[in-house]
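# Observations on chain architecture
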Amino acid sequence: MSAQEETITQHSDHLTVSGGTPASSLGRFSWAMFDFANQPYYTLITTFIFAPYFASGFIGDAVRGQELWGYTQSMAGLVIALGSPILGAIADQTGARKPWLAFFSLVFAAAISCLWFAMPGAPEGAFFIMGAVVVAAFSMEFAIVFNNAMLPAIVPEKKMGRLSGFGWGIGYVGGLIALFIVLLLMVANEETGKTLAGLTPILGLDPALHEADRFTGPMTGLWFLLFILPLLLFTPDAPRTRMKLADAARKGLAQLGHTLSSLGRFRNIALFLISRMVYYDGLAAIFAFGGIYAAGTFGWRIETLAIFGIVLSVFAAIGAFIGGRLDDAIGSKRTIVISVTGLVLSVLLAVSITRDEIFFVIAVPPVEPGGAPFSSLAEQVYLVSGILIGVFGGPAQAASRTLLARLAPASMMTEFFGLYSLSGKATSFIAPFAIAVATGIYESQRAGLAVIIGFLLVGLLGLLFVREERSAAL
């Protein structure tokens, strides 16, 4: 197939990637529902509810807990880095992506449900829960590889940014709904025994045993399985080949090796993947450790963390929707540059805050124990930094997915999305590891969080040299 035939095919008044089956409106919406399905994992588990509970409640020591969570995320990142491009290469040979997506979805749901057993104080030891978190993390990421690879085949090229941004946007809506469910129906005040809505917690969840925090695990698994059903039912998939899995594995690995050895031919894509690898690690670390930092610094409990998450999710959804349109209007690269620059400033603001200090040098009245949520100036400024992170984080992620879809050869799309996942995780074990080490050495959560800024800046610098143009296949 020639480069011209391979890259694009003319379809009346728009362009779509060759080999694709442009989906109906229902098919496109169903594809976007994958983000709605997976966002509660990031919202409830890795950011606002379970991760802070892991550090402060399950482990019982915010500094030691942040350190162990860093090592857990580091191990998950290593598995993802090794596995994602290999699976992507194999899937390009077998054709259909949905069977792979369904398999890893089931593994994810089983692993994440095990978080229910994370009793306060880690009476059974931390390693079982840390292992469940690792399995859930790499299963989710592998499922995302196959979902992302479907994007350029189901929508015209000029509308990929809008669909990708829409997916991220409704994803944040999903996370927002999940947070409301937790806050209004599950989390009870230890004194009154009632939720914020004045109700008895559903399922009789006991606040003294942190059962609401722990139930976010099985809740997230069930949510994910339910809301990926539209994608499995209504979004068109590439036809499955007759190739045996063993043959597909050999051919896929050979093709992957050829691609890696020929990355010199894909210098522009390689530069983007490397840049994205670095800034995405910083972005992932923000969401992984922001809630932990807030819980340790201000003593926030699940109610305040849930409110914080709701506010951030609202602004993240707005940012993602706007970012999707901005992507199609000014291009993916420019959208990412603006977003990552905003993230650098936002994290710098967050790091400048302690219980009794803002902007590094301005002393403020300390947070009062048992005070109303966000009643102190330090908490209010931290909330502002979180809102800014939400606004810029959505477009940075959505536009990154779109940019690769605009750069990669159509016949190698899943393979490159495997490398894309690798670029999001190849050093993701380094970022949490660096945060864990800095936290342990300085015995300071603040020192650990400051590491994130360096990752964002280095990734942003590399991105400036990327050209937004599609590469020809080998």
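Shown above is the structure to which this text applies.
A short tour of the structure in this document, coming up. Keep in mind that this is a model prediction, so the values were computed, not measured. (Residues numbered from 1 in each chain as written. Predicted model: local features only at pLDDT ≥ 70, side-chain atom pairs only at ≥ 80, totals over all residues. Heavy atoms only, no water.)

### Quick look at the overall build of the protein
- Along the backbone of the protein there are 17 helices and four strands.
- Residues counted as buried form 59% of the 474 residues belonging to the protein.
- Across the protein, every contact between residues at least 6 apart in sequence was considered, and the portion connecting residues at least 24 apart equals 83%.
- Approximately 18100 Å² of the protein is accessible, and the part contributed by carbon and sulfur atoms is 68%. (Helix = DSSP H or I, 4+ residues; strand = E, 2+ residues; numbered from the N terminus. Buried < 20%, exposed > 50% of the residue type's maximum accessible area, 1.4 Å probe, protein only. Contact = heavy atoms within 4.5 Å. Areas by Shrake-Rupley, 256 points an atom, 1.4 Å probe, with all protein chains shown as cover.)

### Concerning the packing of helix α7 (residues 160–186) against helix α14 (residues 377–407)
- Where α7 meets α14, the closest approach of the two axes is 9 Å, and the angle between their N-to-C directions is 145°. The hand of the α7/α14 crossing is right-handed. Between α7 and α14, the residues in contact are Met160, Gly161, Ser164, Gly165, Trp168 and Tyr172 and Gly393, Gly394, Gln397, Ala398, Arg401, Thr402, Ala405 and Arg406, respectively.
- Of the residues in the contact of α7 with α14, the class split is five nonpolar, seven polar and two charged. (Axes fitted to C-alpha atoms, helices over the stretch in contact; angles between N-to-C directions. Left-handed = near helix turned anticlockwise from the far one by under 90°. Nonpolar A, V, L, I, M, F, W, Y, C, P; charged D, E, K, R; others polar.)

### Observations concerning helix α3 (residues 50–59)
- Of all the 10 residues making up α3, nine are buried; the element is thus mostly covered by neighbouring parts of the structure.
- Turning to α3, its buried residues number three or more, namely Phe50, Ala51, Pro52, Tyr53, Phe54, Ala55, Gly57, Phe58 and Ile59.

### Thoughts on the pattern of salt bridges
- By the definition in use, this model includes three salt bridges.
- For the salt bridge of Arg64 with Glu67, the shortest nitrogen-to-oxygen distance reads 3.4 Å. Note that Arg64 and Glu67 are positioned in helix α4 (residues 62–94) at a spacing of three residues, about one turn of the helix.
- Look at Glu67 and you get buried, because its relative accessible area is 17%.
- Arg406 is the partner of Asp327 in a salt bridge, and the nearest nitrogen-oxygen pair spans 3.6 Å. Of this pair, Asp327 sits in helix α12 (residues 302–330) while Arg406 is found in helix α14, placing the two residues 79 residues apart along the sequence.
- One salt-bridge network, held together by shared partners, links Asp327, Asp328 and Arg406. (Salt bridge = Lys/Arg side-chain N within 4 Å of Asp/Glu carboxyl O.)

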